[in-house]
Amino acid sequence: MARIIGIAGSLRKGSYNAALLRAAAALAPAGMEVEIASIAGIPLYDGDLEAEHGAPKVVIGLQEKIAASDGLLLVTPEYNASMPAVLKNAVDWLSRPPKGAAAVFGDRPVAIIGATPGMGGTRLAQAAWLPIFRNLGARVYVGKQLYVAGAGKVFGADGSLVDDTIRSLLSEFMAGFASVIVGR
């Protein structure tokens, strides 16, 4: 069984990206399990804090989960035509010791999707992540792409995926990512 760690890049309780992550986990094909992890509680990166106390326990726990996984699914919002600071901060911490970038991201398959209430999808945020993950040594999945626009109409009030077209596209995306993981 391939084990993927999924992270939503928003801390908002009613996050469309958290809803998209839950839908992705539910639509994972046979042989793939998506464990939903959280970036809540990760402090702003501070080199002095790191030098004095090391990485926070929440960071070490997430590093260990990702390092033990077969891949990472990043579900990113798009803020001001780029990635959200809270998620970038988490990735910055995750690349630090004690595990470090090579253990956490090195040669690890990473897939990126995202949702936004706007009409542009999350193309710019997803594109902004590409050089970061390449620099960290990850293998970015470049098969099917998924940019969910108009998220307010795609998800119900309870956060469930209600759009059949997006459900189908997400299912295809997850199947494509699974094929990369299994073929690893």
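Computed from a predicted model, the values in this text were never measured in an experiment.

Scoring rules and cut-offs
All residue numbers refer to position in the chain's written sequence, counted from 1. Side-chain atom pairs in this predicted model are given and counted only at pLDDT of 80 or more, local residue features only at pLDDT of at least 70, and totals for whole chains, interfaces and linings cover all residues. Heavy atoms from the whole structure form the basis of all side-chain values; hydrogens and water molecules are not counted. Numbering of helices and strands runs from the N terminus, with a helix taken as a DSSP run of H or I at least four residues long and a strand as a DSSP run of E at least two residues long. Only protein chains enter the area calculation, which uses a 1.4 Å probe; residues under 20% of their type maximum are buried, those over 50% are exposed, and those in between are partly exposed. The contact criterion used throughout is that any non-hydrogen atoms of two residues lie within 4.5 Å. Aromatic rings from Phe, Tyr and Trp, with only the six-membered ring used for Trp, were paired whenever their centres fell within 6.5 Å, and each pair was classed as stacked if the ring planes differed by under 30 degrees, edge-to-face if by over 60, and tilted otherwise. To sit over a ring, a charge needs its Lys NZ or Arg CZ within 6 Å of the ring centre and within 35 degrees of the ring normal. By this definition, two strands are paired if DSSP reports at least two bridges between them. Think of a nonpolar core as a cluster: buried Ala, Val, Leu, Ile, Met, Phe, Trp, Tyr and Cys residues, connected wherever their side-chain atoms sit within 4.5 Å. Every case where a carboxyl oxygen of Asp or Glu lies within 4 Å of a side-chain nitrogen of Lys or Arg is listed as a salt bridge.

Peer 1: So what's going on with the environment of Glu50? Which residues, and what values?
Peer 2: Within the secondary structure layout, Glu50 lies in helix 2 (residues 47–53). The class for Glu50 is buried, based on a relative accessible area of 12%. Put simply, Glu50 and Trp93 are 43 residues apart on the chain and 9.3 Å apart in space, counted from C-alpha to C-alpha. In contact with Glu50, not counting residues within four places along its chain, are Tyr45, Trp93, Arg96 and Pro97.

Peer 1: Please provide a residue-by-residue account of the packing of aromatic side chains, values included.
Peer 2: As enumerated under the stated definition, the model contains six aromatic pairs in all. Taking the centre distance of 6.0 Å and the plane angle of 20° together, the rings of Tyr16 and Phe155 count as stacked. Placement of the pair is Tyr16 in helix 1 (residues 16–26) and Phe155 in the loop between helix 7 (151–154) and helix 8 (164–182), with a sequence separation of 139 residues. Aromatic side chains Phe105 and Phe133 sit 5.7 Å apart centroid to centroid with 65° between the ring planes, which places their arrangement in the edge-to-face category. Linking Phe105 in helix 5 (residues 100–105) with Phe133 in helix 6 (residues 123–135), this pair joins segments that are 28 residues apart in sequence. The class for Phe105 is buried, based on a relative accessible area of 1%. The exposure class of Phe133 is buried, given its relative accessible area of 0%. If you follow Arg12 out to its NZ or CZ, it ends over the ring of Tyr16, 5.4 Å from the centre.

Peer 1: Describe the pairing of strand 1 (residues 2–8), listing the residues and the values that go with them.
Peer 2: The buried count for strand 1 comes to six of seven residues, which makes it a mostly enclosed element. Across six bridges, strand 1 lies against strand 2 (residues 32–37) in parallel orientation. Bridge pairing in strand 2 places Arg3 opposite Glu33. Relative to strand 3 (residues 71–75), strand 1 is paired through five bridges, and the arrangement is parallel. When the sheet's bridge partners are listed, Ala8 is paired in strand 3 with Val75.

Peer 1: Please set out the nonpolar core residue by residue, giving values where relevant.
Peer 2: In this structure, Met32, Leu73, Leu170 and Met174 are the most contacted members of the largest nonpolar core, which totals 31 residues. Secondary structure elements with two or more residues in this core: strand 1, helix 1, strand 2, strand 3, strand 4 (109–115), helix 7 and helix 8. With seven residues, helix 8 is the single largest residue contributor to this core. Setting aside chain neighbours within four positions, we find Leu73 in contact with Ile4, Ile5, Gly6, Ile7, Leu21, Ala24, Ala111, Ile113, Phe173 and Met174. Judged by nonpolar contacts, the second largest core, of 28 residues, contains Ala37, Ala55, Leu62 and Ala101.

Peer 1: Please provide a residue-by-residue account of the pattern of salt bridges, values included.
Peer 2: Across all of its chains, the model carries seven salt bridges by this definition. The partner of Glu35 in a salt bridge is Lys65, with the nearest N and O atoms 3.2 Å apart. Of this pair, Glu35 sits in strand 2 while Lys65 sits in helix 3 (residues 57–67); the two residues are 30 residues apart in sequence, bridging distant segments of the chain. With its nearest N and O atoms 2.7 Å apart, the salt bridge here joins Asp164 to Arg167. Placement of both Asp164 and Arg167 in helix 8 is noted, with a separation of three residues, approximately one turn of the helix.

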